[in-house]
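# A structural walkthrough
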Amino acid sequence: MPSYKAPTRDTRFIINEVLKLEGYGNLPGFANVTPDIVDAVIEESGKFAAEVLAPLNASGDAEGCTRAADGSVTTPQGFKAAHGQFREAGWGTLSAPEEFGGQGMPHVLGFALEEYMSAANQAFAMYPGLTNGAVSALLAKGSPELQAKYLPKMIANEWLGTMNLTEPQCGTDLGLIRTKAEPQADGSFAVTGTKIFISAGEHDLTDNIIHLVLARLPDAPGGTKGISLFVVPKFLVGDDGSLGARNAVSCGAIEHKMGIHGNATCVMNYDGATGWLVGEENKGLAAMFIMMNAARLGVGIQGLAQAEAAYQNGAQYARERRQGRALTGPAEPGAPADTLLVHPDVRRMLMDAKAFTEGMRALALWCGLLVDVAHQAPSEEERDAADDLVGLLTPVIKGYGTDRGFATAVDMQQIWGGHGYIVENGMEQFVRDARIAMIYEGANGVQAMDLVGRKLALKGGRAIQAFFALVDAECASAKENEKLADVATRIEKANGELKAATMWFLQNAMANPNNAGAGATPYMQLTGIVALGLMWLRMAKASTESLAAGTSDTAFYEAKLTTARYFAERYAPDAGALRRKIEAGAEALMALPAEAFETA
Ligand SMILES: Cc1cc2nc3c(=O)[nH]c(=O)nc-3n(C[C@H](O)[C@H](O)[C@H](O)COP(=O)(O)OP(=O)(O)OC[C@H]3O[C@@H](n4cnc5c(N)ncnc54)[C@H](O)[C@@H]3O)c2cc1C
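This is a predicted model, so every value here is computed, not measured.

## Here we look at the overall build of the protein chain
The helix and strand tally for the protein chain stands at 17 helices and 11 strands. Relative to the 2.2 N^0.38 estimate, which gives 25 Å for 600 residues, the radius of gyration of the protein chain is 24 Å and therefore close to what a compact globule would have. The burial tally for the protein chain puts 56% of its 600 residues in the buried class. Of all intrachain contacts in the protein chain linking residues separated by at least 6 positions in sequence, the fraction that spans at least 24 positions is 72%. Positive and negative side-chain charges of the protein chain, numbering 51 and 69 respectively, have mean locations separated by a distance of 4 Å.

## Comments concerning the packing of aromatic side chains
Following the criterion strictly, the structure yields 13 aromatic pairs and no others. With a centroid separation of 5.5 Å and an interplanar angle of 70°, the aromatic rings of phenylalanine 79 and phenylalanine 124 are classed as edge-to-face. Here phenylalanine 79 is found in helix α4 (residues 79–89), whereas its partner phenylalanine 124 is found in helix α5 (residues 107–141), with 45 residues between them in sequence. Each member of the pair, phenylalanine 79 as well as phenylalanine 124, is classed as buried. Ring geometry for phenylalanine 556 against tyrosine 557: centres 5.1 Å apart, planes inclined by 85°, an arrangement best described as edge-to-face.

## Quick look at the site of the ligand
Inspection of the region around the ligand gives 17 residues, with Leu165, Thr166, Thr172, Phe197 and Ser199 positioned closest. Residue leucine 165 places a main-chain N or O atom 2.8 Å away from an oxygen atom belonging to the ligand. Contact between the ligand and serine 199: a nitrogen atom at 2.8 Å from a side-chain N or O atom of the residue. Relative to its free-state accessible area of 970 Å², the ligand is covered by the protein chains to the extent of 61%. Looking at the shell around the ligand, the element that brings in the most residues is strand β5 (residues 189–199), giving 3 residues.

## Here's the deal with the state of the cysteines
Tallied over the entire structure, the rule returns 0 disulfides. As a non-bridged cysteine, cysteine 266 has cysteine 251 as the owner of its nearest cysteine sulfur, 3.9 Å distant. Free of any disulfide, cysteine 475 has its nearest neighbouring cysteine sulfur in cysteine 367, separated by 20 Å.

## Overview of the pattern of salt bridges
This model, assessed by the stated rule, comprises 33 salt bridges. A salt bridge links aspartate 10 to lysine 560; the shortest N-O distance between them is 2.6 Å. Of this pair, aspartate 10 sits in helix α1 (residues 8–18) while lysine 560 sits in helix α15 (residues 554–570), placing them 550 residues apart in sequence. Across this residue pair, the class does not change: aspartate 10 and lysine 560 are buried. Counted as one network, the salt bridges with shared partners bring together Asp10, Glu115, Glu308, Lys354, Glu358, Arg361 and Lys560.

## Digging into the pairing of strand β3 (residues 159–164)
By the criterion of burial, β3 is predominantly enclosed, with 6 of the 6 residues buried. Both faces of β3 are covered, namely the face carrying Trp159, Gly161 and Met163 and the face carrying Leu160, Thr162 and Asn164. Examined bridge by bridge, β3 and strand β6 (residues 208–215) share 6 bridges and lie parallel to one another. Bridge pairing links glycine 161 to isoleucine 210 in β6.

## A word on the side chain of histidine 343
Relative to the elements of secondary structure, histidine 343 occurs in the loop between α7 (284–320) and α8 (344–376). Relative accessible area serves as the criterion here: at 18%, histidine 343 is assigned to the buried category.

## Let's talk about the nonpolar core
By size, the foremost hydrophobic cluster in this structure holds 192 residues, and its most contacted members are Leu109, Phe467 and Tyr523. Sorting elements by how many residues they give to this core places α8 first, with 19 residues. Of all hydrophobic cores here, the second largest spans 6 residues; its members include Ala123, Val299, Ala437 and Tyr440.

## Structural notes on a negative patch on the surface
Residues Glu380, Glu381, Glu382, Asp384 and Asp387 make up a contiguous surface patch of negative charge. On the secondary structure map, aspartate 384 appears in helix α9 (residues 380–415).

## So, the packing of α1 against helix α14 (residues 513–548)
It is at 10 Å that the axes of α1 and α14 come closest, and there the two elements cross at 80°. The angle between α1 and α14 places the two elements in the roughly perpendicular class. Residues Phe13, Ile14, Glu17 and Val18 of α1 pack against Arg538, Met539, Ala542, Ser543 and Ser546 of α14. Classifying every residue of the contact of α1 with α14 by side-chain character gives 5 nonpolar, 2 polar and 2 charged.

## Describing the packing of α9 against helix α10 (residues 427–435)
The relative placement of two packed helices comes down to the angle between their axes together with the axis-to-axis distance. Interhelical geometry of α9 versus α10 gives an angle of 165° and a closest axis separation of 9 Å. By the angle class used here, α9 and α10 are roughly antiparallel. Note that α9 runs across α10; the crossing there is left-handed. For the pair formed by α9 and α10, the contact residues are Phe406, Ala409, Val410, Met412 and Gln413 on the first element and Met427, Glu428, Phe430, Val431, Ala434 and Arg435 on the second. Among the residues making up the contact of α9 with α10, the classes are represented as 8 nonpolar, 1 polar and 2 charged.

Conventions we followed
- Residues numbered from 1 in each chain as written.
- Predicted model: local features only at pLDDT ≥ 70, side-chain atom pairs only at ≥ 80, totals over all residues.
- Heavy atoms only, no water.
- Helix = DSSP H or I, 4+ residues; strand = E, 2+ residues; numbered from the N terminus.
- Rg over C-alpha atoms; globule rule 2.2 N^0.38 Å.
- Buried < 20%, exposed > 50% of the residue type's maximum accessible area, 1.4 Å probe, protein only.
- Contact = heavy atoms within 4.5 Å.
- Lys, Arg positive; Asp, Glu negative; His and termini not counted.
- Charge placed at Lys NZ, Arg CZ, Asp CG, Glu CD.
- Phe/Tyr/Trp six-rings, centres within 6.5 Å; stacked < 30°, edge-to-face > 60°.
- Near = heavy atom within 4 Å.
- Polar contact = N/O pair within 3.5 Å; in protein donor to acceptor, adjacent residues only side chain to side chain.
- Areas by Shrake-Rupley, 256 points an atom, 1.4 Å probe, with all protein chains shown as cover.
- Disulfide = S-S within 2.5 Å.
- Salt bridge = Lys/Arg side-chain N within 4 Å of Asp/Glu carboxyl O.
- Pairing = 2+ DSSP bridges.
- Core = buried A, V, L, I, M, F, W, Y, C linked by side-chain atoms within 4.5 Å.
- Patch = residues over 30% accessible without salt bridge, like charges linked within 9 Å, V, L, I, M, F, W, Y side chains within 5 Å.
- Axes fitted to C-alpha atoms, helices over the stretch in contact; angles between N-to-C directions.
- Parallel < 35°, antiparallel > 145°, perpendicular 65-115°, else oblique.
- Nonpolar A, V, L, I, M, F, W, Y, C, P; charged D, E, K, R; others polar.
- Left-handed = near helix turned anticlockwise from the far one by under 90°.

This is the structure in structure tokens:
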């Protein structure tokens, strides 16, 4: 049975020493967040994840969710009680606004909590996770009446939320949505249609479920310009907040799927269900994007989380399992064989995992801080600069984070050899659970296209130019410190490859848009490498400072410096190869006719 321990020491290092959260006391909500409070939130949320959620991960996977003939859905044993504990501890309120009953704490702390919960039990974490996304959309676009009616209960996790985009004929291409919304005399809408693959669409965790649903008004234009967003509660809610009649929305089936069995993936039937418009008519996609952006960061964190949980168990196994001898001669001559840890190829997988998870954690938490700065910084200039970076980094965190998260889970399974393939050992669950994060919330190829097709050009390329400048400036300053110079030189070089690839798109993608599509995924990976490189540079810098100040925890900081070197030596060189793939363009990739893909 796998084990999980929240990596709280690493999170505290990133928040306190790398991001230096104390320096942001000017932002609302940050003033009272002292290092003691940060430590308490991190330690307690880590404990909750490890002690309450992790023990339900394997059992929830084995049991799955069940749907009864009346359409009700039961979550695995223990989920309801665990959600009760989550709610009572107020974890759902952590970084929600105080106006609606939240604690108003920085998002960076909310992101740490999300990582721990997803690592301990991704299927469980998705129930409150989706609610966070629904809350973001209502906060940004809901009318004051809708906000007052739904937000306090959703933030308190008394009611959970869902997002309903997908239909059988409509996945990535939301312009194909058919679900209809007919205006009613009382200002509400009758929503009719079928949504599929709806996470947490029906369950027994809360009394009410608040669905956010994309649908079309009768006279709406075709395509994505004619989509509106509606809030459709499972039980209608009276003006005093009491639950009324059952709405005409029901779960028609739950999917049997590869992983996250503890999360109910539902076919949802809307049969003239009563809903209310969120935001403006035909502007639903913009509202849904607010929710999707929040959810995309959450899904990127799922990639990190599964990688971390798998890494902990891969590392533990490598320390205990004895097979073969070290290439340099027996490391433990008295034992029948050495541990797996002596083999460079096993080390490669462990170091790849360590370099990814620690780098990705820093990137996700930095992005969490940028979200706060984007919302709350006093000057518009600061807010815009942070918002630019969040926009640029979101598809990278989602796409690169989950691609590498899955690859890491597979590597950790590999360390377990044949035992990793055996269900009772639990390593294969990490692989199965990690896989979905590459698909939902916009498949990773679509994230790559969002990065290349939208984010690069936005506001005249302001975000990517700012990112280049940031990396260059931090590399230049780090090169003055001999302990950081080598890492900085290698990251600077990778940034040079990214700049060249960006320039290549500028010169070649207008003439042939397929050049952008063909290079999108390598470009996303290349951006991921540079972004993680920047994080490793910052972590190395913070570590040299702590070592110079005479820290007693030298092992922790020395390990950071070694891992930064490993990242610079073993990840950064891929930047050159990725750039060459991008510059190969679309010609050979698009050349074959459709018949060539038929087996002769
Ligand atoms: C377990 C699970 C939970 C889910 N939860 C939810 C949920 O809560 N709410 C919800 O609304 N949906 C949910 N989904 C649906 C999910 O978001 C979609 O499956 C996903 O967006 C992809 O849509 P699709 O499956 O129709 O694939 P398609 O759109 O048919 O795409 C197939 C492949 O083609 C690629 N592709 C398609 N179009 C393009 C393009 N223009 N450029 C480049 N590549 C392209 C995609 O990247 C993908 O790899 C869930 C799905 C699963 C399996």
